[in-house]
Amino acid sequence: MHIAFVASEGVPFSKTGGLADVVGALPRALAALGHQVSLYLPRYRQTKLADPATVVRSITIPFDDKYRFASVVTGGSQFGVRFYFIDCPEYFDRDALYGTPAGDYPDNAERFALFSRAVLEATKILGVPHLFHCHDWQSALVPVLLRTVYAEDPAFRDVGTIFTIHNMGYQGLFPPEVLPLLTLPWDLFTMSKMEFFGQVNFLKGALTYSDFITTVSRKYSQEIQTAEYGFGLEGVLRDRAATVTGILNGVDYDEWSPQADKFTTAKYSPQDLSGKAKCKQDILTAFGVTNADAKVPVIGIVSRFAAQKGFDLIAQIMDRLAREEMIMVVLGSGDKQFEEMFARLNKQFPNKIALKVAYDNAIAHKIEAGADMFLMPSKYEPCGLNQIYSLKYGTVPIVRATGGLDDTIEPWDARSGKGTGFKFTEYTGEALLLAVKHALQAFRDQTSWQVLMRNGMSKDFSWNASAREYGKIYDRVRQMRGVSQATAEKVLV
Ligand code: ADP
Ligand code: GLC
């Protein structure tokens, strides 16, 4: 089957978070199963292409005020996946993908509407797929356009759409005026389509118009149908419950494993863990910690700084956590509020929290390898990749039992020697502190700690199984489309 992936970021071309990891790896896993996969991304300033070649010279996108123009550049193909980039320097040749620390770019609706529309037009020249597989609000207009503006277009008659939710917290909310500006029909501005508390909601459009909706863990697929996690769209999702499912993300072990890691100072494996001590020393040095005893446990954090990630809980209990024997190494960037919070904690407890405010892939790898534990106290977490990476590195996850964190981490039980990490459920500082203390205590018994490490290292979250699950959904959507097409033809006769 020919699948066109449409997304706003993908490794190795662009990345701000886990979406890019998924978009970088899943197409390859699908291609390995025999699918034909094309991946469409915007061409950003940070997109580095070895040998770019223009394959579509000019696509005209009508906006209300004036026409916009885009071209399509190919990045060639690798592992059976073809890469295409929508090139429109006016919109994408900028410092960042979505905005600056001061906020989102004010023309994001136009930027990603142009992107979605240009993808549809490009496929008419480069090959219309059987299915479009879209991801998050930035590509949400693809299913909307297909069933409205392009509804009568014979090129797309049988094409199906699958939409994957990576995060309900980002919906693409814009003022109503964007509809006429983007030449979208006004009747989309109703509660049953894209209207959302007086605004236009791109994500809601995709949830309304896609043939099938997936999200990135089983637990999150249930959570988002409740008011606590649905961000106001729980009703829309409940209405579509029969076509909503959770497929856990896989991870790319070529990039993320202690045997293969290109960024770490030493390699190690479950059979020979000795290299991990060198990685620990290396990460402490990288964070300027020179006087720590090698036996002191290191707790790592690598994250976007956003309310989703639950770091306010750390601030609540840091004074008590600071009494424990441990050191936290924190790499992250994002919301000013959390950058400042960590800077404050770092100043107050300089021997307990080491901080780098940065986006740095090499350091991210070094933390996965060098830390003893990895902390993710997320308020919500659709899947979460870092805890899965951590398992492979024998870096024991301490997580809140939500979304994919709950689905991937099994609680450690010292008596049976089973389990892979530490979990807490209640969203409170107390619960977090208890879980961390539990982990620190377990760390003191190094013999059983190594059992725990190896339990995690032996887990296999590679993409193959999840790619097969997507394959089944693709078949279902093809069937749905085929059936509805046949029915439509019967009605016509
Ligand atoms: P999310 O997509 O919500 O940010 P995930 O756990 O799914 O969370 O994925 C985060 C990805 O982004 C991981 O690959 C992680 O290593 C990377 N990442 C996050 N913050 C940073 C950072 N400050 N520097 C380098 N990599 C980061
Ligand atoms: C999102 C989520 C994260 C998930 C990632 C990839 O950004 O916050 O939990 O792992 O997408 O699906």
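Calculation notes
- Residues numbered from 1 in each chain as written.
- Chains lettered and ligands numbered in written order.
- Predicted model: local features only at pLDDT ≥ 70, side-chain atom pairs only at ≥ 80, totals over all residues.
- Heavy atoms only, no water.
- Near = heavy atom within 4 Å.
- Polar contact = N/O pair within 3.5 Å; in protein donor to acceptor, adjacent residues only side chain to side chain.
- Areas by Shrake-Rupley, 256 points an atom, 1.4 Å probe, with all protein chains shown as cover.
- Helix = DSSP H or I, 4+ residues; strand = E, 2+ residues; numbered from the N terminus.
- Salt bridge = Lys/Arg side-chain N within 4 Å of Asp/Glu carboxyl O.
- Buried < 20%, exposed > 50% of the residue type's maximum accessible area, 1.4 Å probe, protein only.
- Domains from an automatic or database assignment.
- Contact = heavy atoms within 4.5 Å.
- Buried area = accessible area lost by both parts, 1.4 Å probe.

1. Observations concerning the site of ligand 1
For step 1, the next point in the chain: Surveying the vicinity of ligand 1 reveals 22 residues, the closest of which are Lys15, Gly18, Asp21, Arg304 and Lys309.
For step 2, the next point in the chain: Here an oxygen atom of ligand 1 and a side-chain polar atom of Lys15 are 2.8 Å apart.
For step 3, the next point in the chain: In the environment of ligand 1, an oxygen atom lies 2.7 Å from a nitrogen or oxygen atom belonging to the side chain of Arg304.
For step 4, the next point in the chain: Protein coverage of the free-state accessible area of ligand 1, which is 560 Å², stands at 94%.
For step 5, the next point in the chain: Among the secondary structure elements, those contributing two or more residues to the shell around ligand 1 are α1 (18-32), β15 (298-305), β16 (327-334), α12 (361-370) and α13 (386-392).

2. Here's the deal with the pattern of salt bridges
For step 1, the next point in the chain: Using the criterion set out here, one finds 24 salt bridges in the structure.
For step 2, the next point in the chain: For Arg28, the salt bridge identified is with Asp252, shortest N-O distance 3.4 Å. Taken together, the residues Arg28 in helix α1 and Asp252 in the loop between β14 (244-246) and α9 (275-286) connect sequence positions 224 residues apart.
For step 3, the next point in the chain: You can call Arg28 partly exposed: its relative accessible area is 26%.
For step 4, the next point in the chain: A salt bridge links Arg68 to Asp65; the shortest N-O distance between them is 3.4 Å.

3. Section: the domain arrangement of the protein chain
For step 1, the next point in the chain: Each assigned domain of the protein chain is listed with its residue range as follows: domain 1 (2-250 + 463-490) and domain 2 (275-457).
For step 2, the next point in the chain: Spacing between the C-alpha centres of domain 1 and domain 2 amounts to 33 Å.
For step 3, the next point in the chain: Opposite the 19 residues of domain 1 that make contact, domain 2 presents 20 residues.
For step 4, the next point in the chain: A combined buried area of about 1500 Å² lies between domain 1 and domain 2, and 52% of that area is made up of carbon and sulfur atoms.
For step 5, the next point in the chain: The largest contributions to the domain 1 side of the interface with domain 2 come from Lys219, Tyr229 and Leu248, which together make up 26% of the buried area.
For step 6, the next point in the chain: The interface formed by domain 1 and domain 2 includes two salt bridges.

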